[in-house]
Amino acid sequence: MTHAMPPSSAATTPASVRQWRLSTRLVRGVIGVVIGCLAIVVLLTGAFTKFEITERLDDSLQEVAERLQFAVLVLNQQGSGHDVAHLSNIMPTSLAYQITDAQGHVLLRSSNAPESGFVTPPQAGFFMQHRFRVYVTPAAQPDRFIMVGEPRVHRAQATHHAILIAVLPILGAIPCIWLLVVWIVRRSLRPLVRLQGEIRERGGGNLNPVPQLDLPVELSTIQAAVNLLLERLHKALAAERAFAGNAAHELRNPIAALLAQAQMLRGQLARQASTATLPLPANTMGQIAPATLPADTLSPAGTGTGTGTGTGTGTGTGTGTGTGTGVMPQTALSASEKAEQTAVEDATHRLDAMISQIQRLSRIVEKLLQLSRAVAGTGFRRDKFDLLPVLHVMADELDRPQNSDNPRLILETGCCTHLSVRGDMDATGILLRNVLENALRHSPPDSPVRVSLALADSPMGKDIISRTQAQGTTGSSLAALRQQPEMADAVILTVENASPALPDATLSKLTDPFVRGGSQAEGSGLGLAIARTIARHMNVPMQLASPIPGQKDGFMVQLIFPQDAA
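In what follows, the accompanying structure is described. A quick note: this is a predicted structure, and the numbers were derived from the prediction, not measured.

## Comments concerning helix α6 (residues 387-398)
Taking 1.5 Å per residue, 12 residues should reach 16 Å; α6 reaches 17 Å between its end C-alpha atoms and fits that length. At the N-terminal boundary of α6, the capping side chain belongs to Asp 386, with an oxygen 3.3 Å from the backbone nitrogen of Leu 388.

## Topic: the packing of α6 against helix α7 (residues 425-441)
Two numbers describe how α6 lies on α7: the axes approach to 10 Å, and their chain directions differ by 40 degrees. With respect to α7, the element α6 is oriented oblique. Considering how the two elements wind past one another, α6 and α7 form a crossing that is right-handed. Each of Leu 387, Val 390, Leu 391, Met 394, Ala 395, Glu 397 and Leu 398 in α6 lies in contact with α7, whose residues at this interface are Met 425, Thr 428, Gly 429, Leu 432, Arg 433, Leu 436, Glu 437 and Leu 440. Across the contact of α6 with α7, the residue classes break down as 10 nonpolar, 2 polar and 3 charged.

## So, the sheet that holds strand β4 (residues 125-128)
Spatially, the 6 strands line up as an open sheet ordered β1-β3-β2-β6-β5-β4, and their pairing is mixed. Two strands in the sheet have a free side with no partner beyond their single neighbour: β1 (83-85) and β4. Going from strand to strand, the sheet's axes swing by 20 degrees on average, the running direction of each strand aside. For β4 and strand β5 (residues 132-138), the ladder comprises 4 bridges, and the chain directions are antiparallel. When the bridges of β5 are listed, Gly 125 appears paired with Val 136.

## Remarks on the sheet that holds strand β11 (residues 491-497)
One open sheet accounts for 5 strands, arranged β8-β10-β11-β13-β12; its pairing is mixed. Sheet topology places β8 (409-412) and β12 (542-545) at the edges, where each strand pairs with a single neighbour. Averaged over all neighbouring strand pairs, the angle between strand axes comes to 15 degrees, with direction disregarded. Of the pairings in the sheet, the one linking β8 to strand β10 (residues 449-455) comprises 4 bridges and is parallel in character. From the neighbouring strand, Glu 412 faces β10, where its bridge partner is Ser 452. Here α6 sits on the sheet and contacts β8, β10, β11 and β13 (555-561); the angle it forms with β8, its principal contact strand, is near 165 degrees.

Thresholds, definitions, all that
- Residues numbered from 1 in each chain as written.
- Predicted model: local features only at pLDDT ≥ 70, side-chain atom pairs only at ≥ 80, totals over all residues.
- Heavy atoms only, no water.
- Helix = DSSP H or I, 4+ residues; strand = E, 2+ residues; numbered from the N terminus.
- Expected span 1.5 Å × (residues − 1).
- Polar contact = N/O pair within 3.5 Å; in protein donor to acceptor, adjacent residues only side chain to side chain.
- Axes fitted to C-alpha atoms, helices over the stretch in contact; angles between N-to-C directions.
- Parallel < 35°, antiparallel > 145°, perpendicular 65-115°, else oblique.
- Left-handed = near helix turned anticlockwise from the far one by under 90°.
- Contact = heavy atoms within 4.5 Å.
- Nonpolar A, V, L, I, M, F, W, Y, C, P; charged D, E, K, R; others polar.
- Pairing = 2+ DSSP bridges.

Following this line, the structure appears as structure tokens:
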């Protein structure tokens with residue numbers, strides 16, 4: 001038998017498996033790769049920019065050195081000395097220069113140049129000093145050298161500024177790239193989201209194939225596989241429901257016929273036992289009809305005794321004829337009747353036991369068929385209906401209204417005048433019937449079963465949740481369910497009886513098939529299993545508690561029905 005799973009429950013993810021989103025992973029992966037590539041581009045751009053700026057600044061030092069050739073000519077005309085050229089607007093980032101002889105003595109320098117030579121002894125080329133980047137070149141006149149120095153602060157500032165100008169557009173493009181990647185990924189995953197929504201809507205009440213969507217090739221194969229699976233599931237559920245219906249018809253009829261025959265035989269035996277105690281029939285002459293008695297009950301010839309009046313002729317054998325009334329001895333007849341009556345009583349007892357077992361077989365078959373229908377997904381339908389009439393019908397059927405003087409079921413609906421839920425009305429009736437039957441069967445005869453309805457946000461509902469929190473996980477789960485949006489206006493159906501308290505080990509397995517709580521009451525151990533299966537299919541949380549919170553004994557079943565406000 002195929003076990004159908006509920007649509008939402010569906011499917012629970014183990015705690016050890018970490019959930020993740022495909023869109024998030026794609027965005028993170030693409031952005032990570034893009035940022036990594038951009039980082040490499042930034043590094044290469046920075047290095048290339050630094051190299052280019054260094055070359056450009058070195059070229060500018062060479063140009064300045066060539067322009068200072070005329071200063072060497074002027075210096076030769078004026079004569080050597082330690083002259084200092086004072087220029088306006090000299091800043092720490094301005095270029096500095098020196099003209100030295102072959103021994104490194106400074107002949108002419110700018111005001112921001114050091115008094116000693118940049119490089120001693122002078123050598124042509126580029127040199128990196130502590131504060132300056134220096135270019136040394138021989139002058140046109142022998143024994144003269146031109147040294148031009150650029151402050152390293154200026155060079156660093158220029159390099160950083162150029163790198164920033166080159167890299168900043170790349171860094172600024174990262175948010176734009178991120179937005180584009182998110183948009184592209186979400187746009188590309190829209191078909192998958194539509195397919196996900198269509199599959200999520202499928203369940204026991206909706207096994208229609210997924211319609212044709214604008215899907216890529218990779219998702220079209222998934223759609224085809226899902227439609228094939230839905231078709232097979234629909235056929236399997238239809239076959240199981242048909243089997244349950246046919247089995248119910250094929251099993252109920254022979255059992256009902258067998259029960260009827262046994263009851264008819266029981267009535268026939270009862271009538272036979274009543275007629276066996278009537279007086280034996282007499283003939284028209286007032287005598288016991290010989291044909292109606294066994295041979296050994298007739299008196300021997302000539303030895304019969306009787307009272308009466310009459311005339312007759314004898315034949316010598318002691319027999320005669322006459323008219324009147326007579327009493328024959330019936331000692332042997334009474335023993336025969338007693339044996340026959342004992343046999344009838346024994347057969348009656350056997351028939352009573354047979355009828356009781358046939359009725360028990362009928363109830364077990366009915367429960368098995370209900371369990372089969374529940375497992376086959378009879379509670380998957382999502383039709384809108386009012387729960388209160390179903391509850392009243394089940395209560396009236398199990399506790400007839402004529403028992404108003406001493407009712408077994410006490411129904412408290414409170415302020416609830418209607419309760420619109422979604423599900424299968426027949427399955428809900430089976431669910432409520434099994435819960436109420438279980439409570440009535442295992443409740444003491446002089447103790448009523450209380451059935452109450454309360455809104456989760458009402459004072460009564462809050463009181464139920466607070467009382468059950470002290471019991472353990474039941475109250476905690478009720479409080480957690482109340483935080484869910486769909487359970488904010490839920491209705492709590494509570495069924496309580498005064499049965500003895502059950503151990504925790506028994507309570508945890510009580511919803512398994514053929515598990516009983518140790519009670520001597522007649523039952524099959526299937527009622528709560530059927531109720532649990534239907535409740536799961538309807539997405540109705542079902543909680544068990546024993547003893548009743550705040551009491552020392554009792555058994556409680558709570559069903560939480562979310563209202564359908566649509």
